[in-house]
Amino acid sequence: MKGNITLATGFHSIEEKLRSLKDGSVSGYKLYYSKPGPRVKKILAAAKEAGIAATQVEDKKLDEMVSSLSPALRDHRGLVLEIEGQQKKFVNIVDFDAWVKSFEKETCTVVILDRVTDPHNVGAIIRSCDQFGADLVILPEHKAASKVEENDVIARTSAGASAWVPLAVVNNLVRAVEQLKEKGFWVYGADAGGQTCGQVDFADKSVIVMGSEGSGMAQLLEKQCDTIVSIPTCGKIDSLNVSVAAGVLLFERFRRLQFGGKN
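Residues numbered from 1 in each chain as written. Predicted model: local features only at pLDDT ≥ 70, side-chain atom pairs only at ≥ 80, totals over all residues. Heavy atoms only, no water.

Asker: Is there a simple way to explain the overall build of the protein in this structure?
Answerer: Helix and strand counts for the protein come out as 9 helices and 10 strands. Counting every position in the protein, which comprises 263 residues, the buried fraction comes to 48%. The contacts of the protein with a sequence gap of at least 6 include a subset with a gap of at least 24, amounting to 79%. Element-wise, carbon and sulfur atoms account for 49% of the exposed surface of the protein, whose accessible area totals about 13,600 Å². (Helix = DSSP H or I, 4+ residues; strand = E, 2+ residues; numbered from the N terminus. Buried < 20%, exposed > 50% of the residue type's maximum accessible area, 1.4 Å probe, protein only. Contact = heavy atoms within 4.5 Å. Areas by Shrake-Rupley, 256 points an atom, 1.4 Å probe, with all protein chains shown as cover.)

Right, dumping it as structure tokens:
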């Protein structure tokens, strides 16, 4: 394969990439498809409007194109977007220090993912962040699913929301929390045994910290939290999946912003 090629698969992911393109940014983009079903036709129309060439090929050709991708991305469903040239990161990366320095909003929701290593969980959380209006997602540089090679998995699992939700990768989460506190944020750490989320008065500027899938939050980060918040459940297993828990807390936060009050 010539040049530096990045491949994208998945209807949602490709649709969001096409939507996020700006004028003059389509150079090197090519779309390949096998059978023009209803969903594919819709994407082909969007590609044509954006000025991206589309070529019909056999499924065997698409299989060959995606053979080097991770197993989660090989299910092309008859559609592959090829990007030639500079490697593309399908995550909306922002500089955290610059974001904090220019921050002026009165109401804001930031989500911190502490050592969440599964890119599928990260993608699912980003999708919830998009749906419930989170302003920023923060990942640590180490012990997290923040590597460039995992961006396609995150993009696909987020159904393309990663192209829209700002994400920052930082060296030190504790320092990032301290910077947010200096801007007036209150920090809520998610963990069993904390105050029930329905009884928590979320501040106008709130940080929600989600710990790792296995060991939860790091102790130093937990000490930075103003409140530990939990989700009431009635099941027989130990806890909710981190992406499900994040979705519940983000909805609770969103509900308060929309309607006010605790109930």
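Asker: What is the right way to read helix H9 (residues 242-259) from this model?
Answerer: Residues lying three or four places apart along an α-helix face the same way, a consequence of the helix completing one turn every 3.6 residues. Helix length check: H9, at 18 residues, gives a terminal C-alpha distance of 26 Å against a target of 26 Å (1.5 Å per residue), a fit within 8%. Among the residues of H9, Val-242, Ser-243, Ala-245, Ala-246, Gly-247, Leu-249, Leu-250, Glu-252, Arg-253, Arg-255 and Arg-256 are the ones counted as buried. Elements that come into contact with the buried residues of H9 comprise strand S5 (108-113), helix H5 (119-131), strand S8 (186-196), strand S9 (205-210) and strand S10 (227-230). (Expected span 1.5 Å × (residues − 1).)

Asker: I would appreciate a short explanation of the pattern of salt bridges in the present structure.
Answerer: One side chain can pair with another of opposite charge once the charged atoms of both are near each other. What the rule picks out here adds up to 9 salt bridges. When the shortest N-O distance is used, the salt bridge between Glu-178 and Arg-175 registers 3.6 Å. Taken together, the positions of Glu-178 and Arg-175, both in helix H7 (residues 173-182) and 3 residues apart, correspond to about one turn of that helix. Accessibility expressed as a relative area gives 38% for Arg-175, which makes it partly exposed. For Asp-226, the salt bridge identified is with Lys-181, shortest N-O distance 3.8 Å. Residue Asp-226 is located in the loop between helix H8 (219-223) and S10, and its partner Lys-181 is located in helix H7; the two are separated by 45 residues in the primary sequence. For Lys-181, a relative accessible area of 30% gives the class partly exposed. Sharing partners across several salt bridges, the network here consists of Arg-175, Glu-178 and Glu-182. (Salt bridge = Lys/Arg side-chain N within 4 Å of Asp/Glu carboxyl O.)

Asker: Where do I start with the packing of aromatic side chains in this structure?
Answerer: The way to describe two aromatic rings as a pair is by their centre distance and the angle between their planes. Following the criterion strictly, the structure yields 5 aromatic pairs and no others. When the centroid spacing of 5.2 Å and the interplanar angle of 45 degrees are considered together, the rings of Phe-103 and Phe-185 count as tilted. You can see Phe-103 sitting in the loop between helix H4 (96-101) and S5 and its partner Phe-185 sitting in the loop between H7 and S8, a full 82 residues away along the chain. For the pair formed by Phe-103 and Phe-185, the shared burial category is buried. A connected cluster of aromatic rings, assembled from ring pairs, spans Trp-99, Phe-103 and Phe-185. (Phe/Tyr/Trp six-rings, centres within 6.5 Å; stacked < 30°, edge-to-face > 60°.)

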